[in-house]
Amino acid sequence: MATLALSDTPAETLATDAVVVGLHKGPDGPVLAPGAEGVDAALGGRLAATLALLGAEGGVAEVTKLATLGATTAPVVVGVGLGSADDLTAETLRRAAGAAVRALAGTGRVALALPADDGDQLRGVAEGALLGAYDFTAYKSSPNGRRAPVRAVTVVVPAATDKAAKAEAKRATTVAGAVHRSRDWINTPPNDLRPPAFADAAAAAAEKAGLDVEVLDERALKRGGYGGILAVGMGSEAPPRLVRISWNPRGAKTHVALVGKGITFDTGGISIKPGSGMHEMKSDMSGAAAVISAMLAIAALKPKVRVTAYVPMAENMPSGSAYRPGDVVTMYGGKRVEVLNTDAEGRMVLGDALARAVEDEPDYIIETSTLTGGQVVALGSRVSGVMGTPEVTARVKAAGERTGEQMWPMPLPEEVRQGMDSPIADLSQINASGDRAAHMLQGGTFLSEFVGDVPWAHIDIAGPSYNGGQPWGHVSKGGTGVPVRTLLALVEDFAAEG
Ligand code: BES
Ligand code: MN
Ligand code: ZN
């Protein structure tokens, strides 16, 4: 990952390869944002007018490059759009910084002279810049003309040496590191990240971070009665796992459980998916990647709250040993579930993991998963669906507003639950008549049967976890790292309870 430094050296004299300044959209063209004054003076006060000549308008994340021909130490100035000056948010800065740094791939060092007066703005700029400096090249034999991500980011702020600013920079490095880690895991091809390998990687990283780790292998899962995880895992030659990671600081009052879906590849199983786009189902472990990466960041941020992660991992494959529609599976804790579609595998592994989490008596459970295509239909690729206890759901939404990871509450209506009564078992895995109406809510409703009385929220990230399209803002192609930053914001929120 790129390094991050703060500097109070004027941007126009800073030893760097490019300087990024902000442009607001004004009624008569782009207007320089605070932070750009020195660079503008070095260019004879003509920066905004020149960028306008080059086509700049100031729309959010629009990038315009200008050669400075010796007027500033850096050979290039980049104007990045910040939209209207009246509603500048941290998320706008995050997206703009990310877009500018992405556009500067191939440049070694980049300085950002953007508005960063308060902690929120600084957080947006720093996180956005680091997130924009991501690329996944592990499987490229040679760079082949591909421009390397920016190596060193400097944020220019007058308060560079203040304790609070330094703490923000340190936090941004930790948080962006966690997002990068989660993107790396999601982008890793599924032949190299089957459950045993994923569990080993998670355990190694967590142990290195000083966290306590427990991994249940297939024998331990059998002994423990984890019927849901075993049912999904038994179609694959690579056996399932349940990883438990704990952060247990002295004096913590509140205990939060984080649960993440870790299907390392989802073929649909016997209820097999269509072939087109199936490769993207390597991202069906995005919830797991987010939860594990968040735990690694928690070990560095050291919030005064107990956090335990429960991560079920399985590969959903069709084979002679696969589970089948019609099976009745006894879940961890004893509930019997009638399987109707082996492609609804996420809720099977999560039911077990949630029931296990409840045993440790957490005050809150936050679960996240690429659970349903219904989430994508309802909310698209940037807004996650949140279901659960209203109070916790509202806190998830509010945390998303702080991080820029959009979250929208969804209901768990009684009639959806009624539709999941099974004629022969305790519960049907999906609507008993196969009705796909509200199937995002069916997923949430199923999970709600496994959380007992614990206040909880389920975050369906099927769309937002993976960017199958072009990069935008601070979001690269492939794994996005959603909702790592919101999980961290929530943990900090719970820590503040005492
Ligand atoms: N992993 C998928 C959901 C998914 C879809 C994630 C698109 C990302 C993008 C999940 O396991 C699944 O297959 N869900 C089914 C459930 C159905 C069988 C009730 C779905 O959404 O169609
Ligand atoms: Mn599936
Ligand atoms: Zn799935």
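See the structure printed just above.
Residues numbered from 1 in each chain as written. Chains lettered and ligands numbered in written order. Predicted model: local features only at pLDDT ≥ 70, side-chain atom pairs only at ≥ 80, totals over all residues. Heavy atoms only, no water.

## Brief notes about the sheet that holds strand S14 (residues 336–338)
Okay, step 1: The strand order S13-S14-S18 describes an open sheet built from three strands, whose pairing is mixed. Either end of the sheet is taken by a strand with one partner, and the two such strands are strand S13 (328–330) and strand S18 (427–428).
Okay, step 2: Summarising the sheet, S13 and S14 pair through three bridges and their orientation is antiparallel. Paired with Val328 across the bridge in S14 is Glu338. (Pairing = 2+ DSSP bridges. Helix = DSSP H or I, 4+ residues; strand = E, 2+ residues; numbered from the N terminus.)

## Topic: the packing of aromatic side chains
Okay, step 1: In this structure the tally under the stated criterion is five aromatic pairs.
Okay, step 2: Ring centres of Phe136 and Tyr139 lie 6.0 Å apart, and the angle between their planes is 35°; this geometry places the pair in the tilted category.
Okay, step 3: Under the relative-accessibility criterion, Phe136 is labelled partly exposed at 21%.
Okay, step 4: In this structure Tyr139 comes out as partly exposed when scored by relative accessible area, which is 45%.
Okay, step 5: When the centroid spacing of 4.1 Å and the interplanar angle of 10° are considered together, the rings of Tyr226 and Tyr332 count as stacked. Highlighted residues: Tyr226 in the loop between helix H7 (218–224) and helix H8 (227–233) and Tyr332 in the loop between S13 and S14, separated in sequence by 106 residues. The same class applies to Tyr226 as to Tyr332, namely buried.
Okay, step 6: Directly above the ring of Phe450 sits Lys335, whose terminal nitrogen or CZ lies 5.5 Å from the centroid.
Okay, step 7: We note Arg382 situated over the ring of Trp472; from NZ or CZ to the ring centre the distance is 3.5 Å. (Phe/Tyr/Trp six-rings, centres within 6.5 Å; stacked < 30°, edge-to-face > 60°. Buried < 20%, exposed > 50% of the residue type's maximum accessible area, 1.4 Å probe, protein only. Lys NZ or Arg CZ within 6 Å of the ring centre and 35° of its normal.)

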